[in-house]
Amino acid sequence: QGYTLIKLRIHDDHIPAILKTHVTSSTNGVYLAAATLRPETMYGQTNCWLHPDILYVAFETRLHGILICTRRAAQNMVYQEFTHIYGQYTILAEFLGSELFGLPLYAPLSYYETVYVLPMMTIKEDKGTGVVTSVPSDSPDDYAALMDIKNKPNLREKYHIKESMVLPYDPVEIIELEPDGRLAAPTICNQMKIHSQNDRDKLLEAKEKIYTKSFYDGILLVGKYANTKVSDAKKTCKVISRSNDECVVALVDQ
Ligand code: ZZB
C-alpha cells in the first residue's frame, strides 16, 4: 500500500527567512510534503498538521521545488530520484513543527483557498512524511484534533494560533456514506463520544470502521469523479495527481 505525496505550497510572502536565500526565480516553490492514503479526499482539506516537537528538514528536489518533511522521509525520496544526484541531498534548513505553525498554505484541490499549519499531538515520526493533511469530514483523527483546537483557546494560545486560522474551517461534504450521511467522521466521533485527539483506542476503532465502509460503500460527491464509488475513483486518482504537478506528485512507497 503506497502513500501519495501531496504538496502544500507555503505562500511566497511567508517562506521562512532562512529558506529565502535558497529560493531563486528557478525554484518552484516551498512545500510541506504530506503523505496520504486517501488522495480522493483532497477536496475536503481544511488545514495541515505538524507535531510541535518533531524535527523537519527542507531539501531541494529536481522537479518539485523545496520540500519539507521528516529526515527519514527525505532520505526515502532521495532514493526515488527526487534529487539531481541519486541518493544525495543537502539539508537547507531544519525546523521544529512548532516553528512552522500558522503558516498559510495552498492545498491542492481543497475547497478552501488558504489553509494553515496547526498542531497535532498524535503524529508519528516514523510514518509517512510526518506531515499530515487534514480531512475532518472523513478522518476521525483529523476531526477530533480540529475540534480540540477550535474548542480550546489555551491550546491556540500556547502555539500562537489565531482564531481566524481555525474557526472558519468546517468539515466539507465530499463522500456520501449511507446511513451515516455526508460527514462520516463527525458522525462516528459523536456516536462513539470521542472527546479529544487523545481518545486513542476509540479513534483507532472509528478509523477502521470508516476505512472499509468508505472504500466499499462511499460515493464521491465532488470533483472529476463525482458520482462514482470511492473504490473505482481510487484506481484513477493517482493519475490525476500526477498530471496536477503544480501541487501533487506521484507515489511515495514506504
Ligand atoms: C488524508 C486522509 C483522509 C487520511 C481521510 C485518512 C482519512 P494509517 O491507516 O494508520 O496508515 N497520517 C499520515 N502520516 C501520519 C503520521 N506520521 N502520523 C499520524 N497520521 C498520519 O493512516 C494513514 C493516514 O493517517 C493518512 O491518510 C494520513 O491521513 C494520516 F479521510 O490522509 B490520511 C479513515 C481515515 N480517513
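For the protein, the name recorded in an unreviewed UniProt entry is leucine--tRNA ligase, with Rotaria sordida as its organism.

### What to know about the overall build of the protein
In terms of regular secondary structure, the protein is built from seven helices and twelve strands. Expected size for 254 residues packed as a compact globule is a radius of gyration near 18 Å; at 18 Å, the protein falls within 12% of this value. Here the protein holds 254 residues, and the buried ones make up 54% of them. Restricting to contacts in the protein with at least 6 residues of sequence separation, those with at least 24 account for 70%. Looking at the protein as shown, the accessible area adds up to about 11800 Å², and 51% of this sits on carbon and sulfur atoms. In the protein, 27 side chains carry a positive charge and 31 a negative one; their mean positions are 2 Å apart.

### Overview of the layout of surface pockets
Of the pockets and cavities examined, the largest pocket occupies roughly 730 Å³. Along the walls of the largest pocket sit 31 residues, with Lys127, Val132, Asp141, Lys207 and Tyr211 positioned nearest its centre. For the lining of the largest pocket, the elements supplying multiple residues, two or more each, are strand E2 (30-36), strand E9 (132-134), helix H3 (140-151) and helix H6 (200-217). Residue classes in the lining of the largest pocket are distributed as 14 nonpolar, nine polar and eight charged.

### Notes on the pattern of salt bridges
Inspection of every chain in the model, using the stated rule, returns ten salt bridges. In this structure, the salt-bridge partner of Asp170 is Lys150, at a minimum N-O distance of 2.7 Å. Residue Asp170 is located in the loop between helix H4 (153-158) and strand E10 (175-176), and its partner Lys150 is located in helix H3; the two are separated by 20 residues in the primary sequence. Accessibility expressed as a relative area gives 13% for Lys150, which makes it buried. As a salt-bridge pair, Arg182 and Glu176 come within 2.9 Å of each other at their nearest N and O atoms. With a relative accessible area of 18%, Glu176 lands in the buried category. Bridged by salt links that share partners, the residues Glu173, Glu176 and Arg182 form one connected network.

### A look at the site of the ligand
Taken together, 19 residues form the shell around the ligand, and within it Thr36, Lys124, Lys127, Lys207 and Tyr211 come nearest. Note that an oxygen atom of the ligand is positioned 2.8 Å from one of the side-chain N or O atoms of Lys127. Within the side chain of Tyr211, an N or O atom sits 3.0 Å from an oxygen atom of the ligand. Contact with the protein chains hides 89% of the accessible area of the ligand, taken as 720 Å² for the molecule alone. Judged by the fraction of its atoms near the pocket grid, the ligand is located in the largest pocket. For the shell around the ligand, the elements supplying multiple residues, two or more each, are E2, E9 and H6. For the shell around the ligand, the class distribution of residues is nine nonpolar, five polar and five charged.

### Side note on the packing of aromatic side chains
On inspection of all chains with the given rule, the structure shows eight aromatic pairs. Look at Phe101 and Tyr159: their rings are 5.4 Å apart centre to centre, the planes differ by 85°, and that puts the pair in the edge-to-face class. On the criterion of sequence distance, the pair formed by Phe101 in the loop between strand E6 (91-96) and strand E7 (104-106) and Tyr159 in the loop between H4 and E10 is long-range, its members being 58 residues apart. An identical accessibility class is assigned to Phe101 and Tyr159; each is buried. Between the aromatic rings of Tyr111 and Tyr112, the centroid separation amounts to 4.8 Å while the plane-to-plane angle is 80°, which identifies the pairing as edge-to-face. Across the ring face of Tyr31, the terminal group of Lys7 is positioned such that the distance to the ring centre comes to 4.2 Å.

Conventions adopted
Residues numbered from 1 in each chain as written. Predicted model: local features only at pLDDT ≥ 70, side-chain atom pairs only at ≥ 80, totals over all residues. Heavy atoms only, no water. Helix = DSSP H or I, 4+ residues; strand = E, 2+ residues; numbered from the N terminus. Rg over C-alpha atoms; globule rule 2.2 N^0.38 Å. Buried < 20%, exposed > 50% of the residue type's maximum accessible area, 1.4 Å probe, protein only. Contact = heavy atoms within 4.5 Å. Areas by Shrake-Rupley, 256 points an atom, 1.4 Å probe, with all protein chains shown as cover. Lys, Arg positive; Asp, Glu negative; His and termini not counted. Charge placed at Lys NZ, Arg CZ, Asp CG, Glu CD. 1 Å grid on protein atoms, 1.4 Å probe; cavity = no way out; pocket = protein on both sides within 12 Å on 5 of 7 lines; lining within 4 Å. Points joined across faces, edges and corners; volume = space filled by probe spheres on them. Nonpolar A, V, L, I, M, F, W, Y, C, P; charged D, E, K, R; others polar. Salt bridge = Lys/Arg side-chain N within 4 Å of Asp/Glu carboxyl O. Near = heavy atom within 4 Å. Polar contact = N/O pair within 3.5 Å; in protein donor to acceptor, adjacent residues only side chain to side chain. Sits in = over half its atoms within 2 Å of the grid points. Phe/Tyr/Trp six-rings, centres within 6.5 Å; stacked < 30°, edge-to-face > 60°. Lys NZ or Arg CZ within 6 Å of the ring centre and 35° of its normal.

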